[in-house]
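Structural overview for review
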Amino acid sequence: QVISASTTPTSTKPTAVAGARCPMYILYGSNTGTSEAFAQRITNDAPNYGFAPTLGSLDSATGQLPTDGPVVIVTASYEGQPADNAARFVDWLSSLKADDLKGVRYAVFGCGNSDWTTTYQRIPALIDESFEKRGGERLAPRGVGDSSQGNFFEIFDQFTIDLWTTLTKAYSTVRSESPTSGFAVKIVDP
Ligand code: FMN
């Protein structure tokens, strides 16, 4: 299932600044839930930084990457292959040509485990490089989390701190301490 979160305007006045949130897309590739939980955290925080988030699996975005807001990807690798809910997306990505992702602005965080020495972070690295090769604009350096290390969560926390600094600048959004009014989460079919 795809969970999407969107704003419900609290005012119909066209000048209402509070309702002017920028769309944002958070996509995960996850078998055992870590990447999905990290993606959910970014989604929960997004309204605090002026964004209206949509959360879904990478496969849910196959064939349709948006250009009207940042795309943030959190994904794992399994024996160098995508998670089950990212396999269609990775296939589709490899079929794209140069410039097919022009206008897509993105950032990637990889959940990996360096015990898999030869394929460590293979899918996050592949996605990060493929987006750039196909004309996408990387907004932030790829985050690299190693679940075999004690600092796995700290690395993710630092990635998100840097991400929000970058995104609020890039999209001129405004940080707010009380964003939740007018914020609704809806669940839609896959
Ligand atoms: N991590 C890597 O970086 N590269 C791999 O090739 C890789 N293969 C894995 C294979 C198996 C069977 C398992 C259990 C883990 C593997 N990992 C690998 C580690 C996972 O990607 C890592 O634990 C990740 O945090 C899991 O994310 P998820 O809970 O979102 O699925």
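Described in the following lines is the structure provided in the data block.

Criteria and thresholds
- Numbering of residues starts from 1 in each chain and follows the order in which that chain's sequence is written.
- For this predicted model, a pLDDT threshold of at least 70 governs which residues receive local features, and a threshold of 80 or more governs which side-chain atom pairs are given and counted, while totals over whole chains, interfaces and linings are taken from all residues.
- Side-chain numbers come from the whole structure's heavy atoms, not from hydrogens or water.
- By definition here, a salt bridge exists when the distance from a side-chain nitrogen of Lys or Arg to a carboxyl oxygen of Asp or Glu is within 4 Å.
- Note on conventions: DSSP H or I runs of at least 4 residues are helices, E runs of at least 2 residues are strands, and numbering of each starts at the N terminus.
- Working definition: with a 1.4 Å probe on protein chains only, accessible area under 20% of the residue-type maximum means buried, over 50% means exposed, and in between means partly exposed.
- In this text, near means that some heavy atom of the residue lies within 4 Å of the molecule or strand in question.
- Here a polar contact is taken to be a pair of N or O atoms separated by no more than 3.5 Å, where protein atoms must pair a possible hydrogen donor with a possible acceptor and residues adjacent in sequence count only if both atoms sit in side chains.
- Using a 1.4 Å probe, accessible areas were evaluated by the Shrake-Rupley method; residue-level cover was limited to the displayed protein chains.
- Throughout this description, the term nonpolar core refers to a set of buried Ala, Val, Leu, Ile, Met, Phe, Trp, Tyr and Cys residues connected via side-chain atoms within 4.5 Å.
- Whether two residues are in contact is decided by their heavy atoms, any of which lying within 4.5 Å being enough.
- Each pair of aromatic rings taken from Phe, Tyr and Trp, with Trp reduced to its six-membered ring, is defined by centres within 6.5 Å and is described as stacked if the planes are under 30 degrees apart, edge-to-face if over 60, and tilted in the remaining cases.

What follows deals with the pattern of salt bridges. Overall, the coordinates contain five salt bridges when judged by the stated rule. Among the ionic pairs, R105 bridges to E137, the shortest N-O distance being 3.1 Å. Pair noted here: R105 is in strand β5 (residues 105-112) and E137 is in strand β6 (residues 137-138), with a separation of 32 residues, a long-range link. When its relative accessible area of 40% is taken as the criterion, E137 is described as partly exposed. One salt bridge connects R142 with D128, and the closest N-O pair in it is separated by 3.9 Å.

On to the site of the ligand, then. Around the ligand lies a shell of 19 residues, among which S30, T32, S35, Y78 and T119 are the nearest. At 2.6 Å from an oxygen atom of the ligand is found a side-chain nitrogen or oxygen belonging to S30. Here Q121 contributes a backbone N or O atom positioned 2.8 Å from an oxygen atom of the ligand. Across the complex, the protein chains shield 83% of the 650 Å² of accessible surface that the ligand would expose by itself. Elements that contribute at least two residues to the shell around the ligand include exactly α1 (34-45) and β5.

In terms of nonpolar packing, the biggest core is built from 25 residues, with M24, I42, F51, W164 and L167 touching the most fellow members. Broken down by element, this core gets its largest block of residues, six residues, from helix α4 (residues 152-170). Sequence-distant contacts of L167, defined by excluding residues within four places in its chain, comprise M24, F51, P70, L139, S172 and T173. Among the nonpolar cores identified, the runner-up in size contains 20 residues, and L27, L65, F89 and F131 belong to it.

In total, this model carries 13 aromatic pairs according to the counting rule given. On the numbers, 5.7 Å between centres and 85° between planes, the contact of F38 with F153 is edge-to-face. Residue F38 is located in helix α1, and its partner F153 is located in helix α4; the two are separated by 115 residues in the primary sequence. Ring centres 5.2 Å apart and planes at 80° place the aromatic pair F109 and F156 in the edge-to-face group. Taken together, the positions of F109 in strand β5 and F156 in helix α4 put the pair 47 residues apart, joining distant regions of the chain. Classification of F156 as buried rests on a relative accessible area of 0%. These aromatic residues form a ring-pair network of at least three members: F38, F109, F152, F153, F156 and F159.

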